[in-house]
Amino acid sequence: MTELLRHPRVMNKLQKEVRGIVGSKTGVLTEDDLVEMHYLKAVIKETLRLHPPLPLLVPRLSTQDVEINGYNIKAKTQVIINAWHIGRDPKVYDKPEDFEPERFLNSDINYKGTDFQLIPFGAGRRMCPGIQFAMAINEIALASVVHNVEDLDMTESTGLTVHLKNPLKAVAIPYSS
Ligand code: HEM
């Protein structure tokens, strides 16, 4: 939600997709509603790329001496994988610091543990077993929220000076550098 609020263009595009598919249906969304929500899935992928909730995954212990990319790793070495940094690798992602869900729209990159450039759920035999459940919940929750969130009301009053008809509700926080 933070990235969506920071990027109104993405929020508007996502709301358009969700509202276009859900229409005026009320009540709880189901997994069937999500099938055609490609942009929603790209938004969640992009969020997990930039903000993996477990940025260093779960540490591993090497079972034998091994050489990887010229590095000799001794048996019983604790290995920590920086998924956060992998998701921001400029060799893989164009403008990696930007929140651009479109990068995943025509891409086969997935988070299921086979594409090592996107591993918010880890990879291998100890990767997250809750992946399906987590993604179903994430998708339904996000779709439900953006479907129902009101757009900013830009209705203006009439009069000598122009102001908003309904007051803007926003909290200004003092800037500190
Ligand atoms: C967005 C939500 C979630 C994320 C990003 C996430 C991420 C992860 C990651 C990175 C790991 C370590 C994988 C590795 O080191 O290769 C992990 C392990 C695990 N996750 Fe999740 N997880 C999520 C939700 C869930 C849910 C909903 C459940 C259960 C219903 C779950 C259950 C587990 C379990 C049991 C492990 C340990 C697996 C093992 O060590 O064999 N996770 N998760």
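Residues numbered from 1 in each chain as written. Predicted model: local features only at pLDDT ≥ 70, side-chain atom pairs only at ≥ 80, totals over all residues. Heavy atoms only, no water.

In the annotation of an unreviewed UniProt entry, the entry for the chain reads Cytochrome P450 71A6-like, and the organism field reads Pyrus ussuriensis x Pyrus communis.

Right, let's get into the overall build of the chain. Across its full length, the chain holds six helices and four strands. Whereas a compact globule of 177 residues would reach a radius of gyration of roughly 16 Å, the chain reaches 21 Å, over 25% beyond that. When its C-alpha atoms are laid out on the principal axes, the chain stretches across 80 × 45 × 25 Å. In the chain, buried positions account for 31% of the 177 residues. Of all intrachain contacts in the chain linking residues separated by at least 6 positions in sequence, the fraction that spans at least 24 positions is 57%. Looking at the chain as shown, the accessible area adds up to about 12700 Å², and 57% of this sits on carbon and sulfur atoms. Averaging the coordinates of the 21 positive side-chain charges in the chain and doing the same for the 22 negative ones gives two points 5 Å apart. (Helix = DSSP H or I, 4+ residues; strand = E, 2+ residues; numbered from the N terminus. Rg over C-alpha atoms; globule rule 2.2 N^0.38 Å. Buried < 20%, exposed > 50% of the residue type's maximum accessible area, 1.4 Å probe, protein only. Contact = heavy atoms within 4.5 Å. Areas by Shrake-Rupley, 256 points an atom, 1.4 Å probe, with all protein chains shown as cover. Lys, Arg positive; Asp, Glu negative; His and termini not counted. Charge placed at Lys NZ, Arg CZ, Asp CG, Glu CD.)

Let's shift gears to the environment of Arg 9. Summarising the element assignment, Arg 9 is placed in helix α2 (residues 8-22). Non-local contacts of Arg 9, meaning those with residues more than four positions away in its chain, are made with Tyr 39, Glu 100 and Glu 102.

Okay, the UniProt feature "binding site: heme" (unreviewed entry) in the chain next. The sites that UniProt annotates as "binding site: heme" (unreviewed entry) are Cys 128. Along the chain, the position of Cys 128 falls in the loop between α5 (83-86) and α6 (131-148). (UniProt positions renumbered as here; feature names shortened; annotations may be inferred.)

All told, the structure shown has seven salt bridges when counted by the stated rule. The salt bridge partner of Arg 9 is Glu 102, with a shortest N-O separation of 2.9 Å. Of this pair, Arg 9 sits in helix α2 while Glu 102 sits in the loop between α5 and α6, and the two are 93 residues apart along the sequence. For Glu 102, a relative accessible area of 21% corresponds to the partly exposed category. With a shortest N-O distance of 2.9 Å, Glu 102 and Lys 13 are connected by a salt bridge. Of this pair, Glu 102 sits in the loop between α5 and α6 while Lys 13 sits in helix α2, placing them 89 residues apart in sequence. Through salt bridges with shared partners, a single ionic network connects Arg 9, Lys 13 and Glu 102. (Salt bridge = Lys/Arg side-chain N within 4 Å of Asp/Glu carboxyl O.)

On to unusual backbone geometry. Residues other than glycine seldom take positive phi values, yet Asn 69 does so here, at roughly 50 degrees. With respect to the helices and strands, Asn 69 occurs in the loop between β2 (66-68) and β3 (71-73). For Lys 76, which is not glycine, the phi dihedral falls at a positive 65 degrees. With respect to the element layout, Lys 76 can be found in the loop between β3 and β4 (78-79).

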